[in-house]
Amino acid sequence: LRNHRRVLLDTLEVFIHEPHIDWEKERKKAEKQRKNASAGAQWYPKQKLGVVRRKLYGDNPAHIFAEELSRNRNKNPVQYMANLQKVLAGEAGVNVRADTGPTDLTVAQQIDCLIDLATDPAILGRAYVGLCPYL
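Residues numbered from 1 in each chain as written. Predicted model: local features only at pLDDT ≥ 70, side-chain atom pairs only at ≥ 80, totals over all residues. Heavy atoms only, no water.

**What to know about the overall build of the protein chain**
From N to C terminus, the protein chain includes nine helices and zero strands. Listing each helix as α and each strand as β along the protein chain from the N terminus yields α-α-α-α-α-α-α-α-α. Relative to its 135 residues, the protein chain shows a buried fraction of 27%. Taking contacts inside the protein chain between residues at least 6 apart in sequence as the whole, the part at least 24 apart equals 57%. Total accessible area on the protein chain stands at roughly 9,100 Å², and carbon and sulfur atoms take up 59% of it. (Helix = DSSP H or I, 4+ residues; strand = E, 2+ residues; numbered from the N terminus. Buried < 20%, exposed > 50% of the residue type's maximum accessible area, 1.4 Å probe, protein only. Contact = heavy atoms within 4.5 Å. Areas by Shrake-Rupley, 256 points an atom, 1.4 Å probe, with all protein chains shown as cover.)

**Description of unusual backbone geometry**
Although it is not a glycine, Asp104 sits at a positive phi angle of roughly 60°. Secondary-structure assignment places Asp104 in the loop between α7 (96-99) and α8 (107-119).

**As for a nonpolar patch on the surface**
Taken together, the side chains of Val107, Ile111 and Ile115 define a hydrophobic patch exposed on the protein surface, amounting to about 260 Å² of accessible area. For Val107, the position within the fold is in helix α8. Val107 gets classed as partly exposed once you look at its relative accessible area, which sits at 45%. (Patch = residues over 30% accessible without salt bridge, like charges linked within 9 Å, V, L, I, M, F, W, Y side chains within 5 Å. Salt bridge = Lys/Arg side-chain N within 4 Å of Asp/Glu carboxyl O.)

**Re the nonpolar core**
Core analysis: the biggest nonpolar cluster contains ten residues, these being Ala62, Phe65, Ala66, Leu69, Met81, Leu84, Val87, Leu88, Leu117 and Ile123. Put simply, the parts of the chain that give this core at least two residues each are α5 (61-70) and α6 (78-89). Not counting residues up to four positions away in its chain, the partners in contact with Ala66 are Gln85 and Leu88. (Core = buried A, V, L, I, M, F, W, Y, C linked by side-chain atoms within 4.5 Å.)

**Things to note about the packing of α5 against α6**
Between α5 and α6, the shortest axis-to-axis distance is 9 Å and the interhelical angle comes to 170°. By the angle between their axes, α5 is roughly antiparallel relative to α6. The chirality of how α5 crosses α6 is right-handed. Residue-level inspection shows Ala62, Phe65, Ala66, Leu69 and Ser70 of α5 in contact with α6, the latter providing Met81, Leu84, Gln85 and Leu88. Tallied by class, residues from the contact of α5 with α6 come to seven nonpolar, two polar and no charged. (Axes fitted to C-alpha atoms, helices over the stretch in contact; angles between N-to-C directions. Parallel < 35°, antiparallel > 145°, perpendicular 65-115°, else oblique. Left-handed = near helix turned anticlockwise from the far one by under 90°. Nonpolar A, V, L, I, M, F, W, Y, C, P; charged D, E, K, R; others polar.)

**Quick notes on the side chain of Asp59**
Relative to the helices and strands, Asp59 resides in the loop between α4 (43-56) and α5. Of the residues examined, Asp59 reaches a relative accessible area of 11% and is grouped as buried. A polar side-chain atom of Asp59 sits 2.7 Å from a polar atom in the side chain of Arg54. Sequence-distant contacts of Asp59, defined by excluding residues within four places in its chain, comprise Arg54, Ile64, Pro102, Thr103 and Gln110. (Polar contact = N/O pair within 3.5 Å; in protein donor to acceptor, adjacent residues only side chain to side chain.)

**Side note on the side chain of Gln110**
Note that Gln110 resides in helix α8. In contact with Gln110, not counting residues within four places along its chain, are Arg2, Arg54, Lys55, Gly58, Asp59, Pro61 and Leu105.

**Things to note about the packing of aromatic side chains**
In the structure shown here, the tally under the stated rule is zero aromatic pairs. Sitting over the ring of Tyr57, Arg5 keeps its end group 3.9 Å from the ring centre. (Phe/Tyr/Trp six-rings, centres within 6.5 Å; stacked < 30°, edge-to-face > 60°. Lys NZ or Arg CZ within 6 Å of the ring centre and 35° of its normal.)

**Things to note about the confidence of the model for the protein chain**
For the protein chain, per-residue confidence averages 82 on the pLDDT scale, and 81% of positions sit at 70 or higher. Below a pLDDT of 50 lies the segment residues 37-42, which in the model reaches nine contacts outside its immediate sequence neighbourhood of four places, other chains included. (pLDDT = per-residue confidence, 0-100.)

Laid out in structure tokens, this is it:
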């Protein structure tokens, strides 16, 4: 995938111009919550394409996950969100994701970070039904 990422990203650009129906629903919900029509029809697909781009260019999955969590529309208390961000960052010397850099990871390093995220009891204990980290 990394060797042909440009082809994949160009193919995914279609979703910016022709968004998925669920993404349109998300946009409408967000506009209602924010009461801001200037968000535009393309904001959600562009965000998702940005996530794919970051994954293909070797960003640390924990950093990507933390950024997506920060975009959450739910009104969680600041302290709760700060604790989640800390858990996602991991602990140096204990978690692989904390010991690797934020960018330029090899495929093997990204896989190790994903396994670390998927098997960390601190994260598993906070997971909920609607969590979709595979997207």
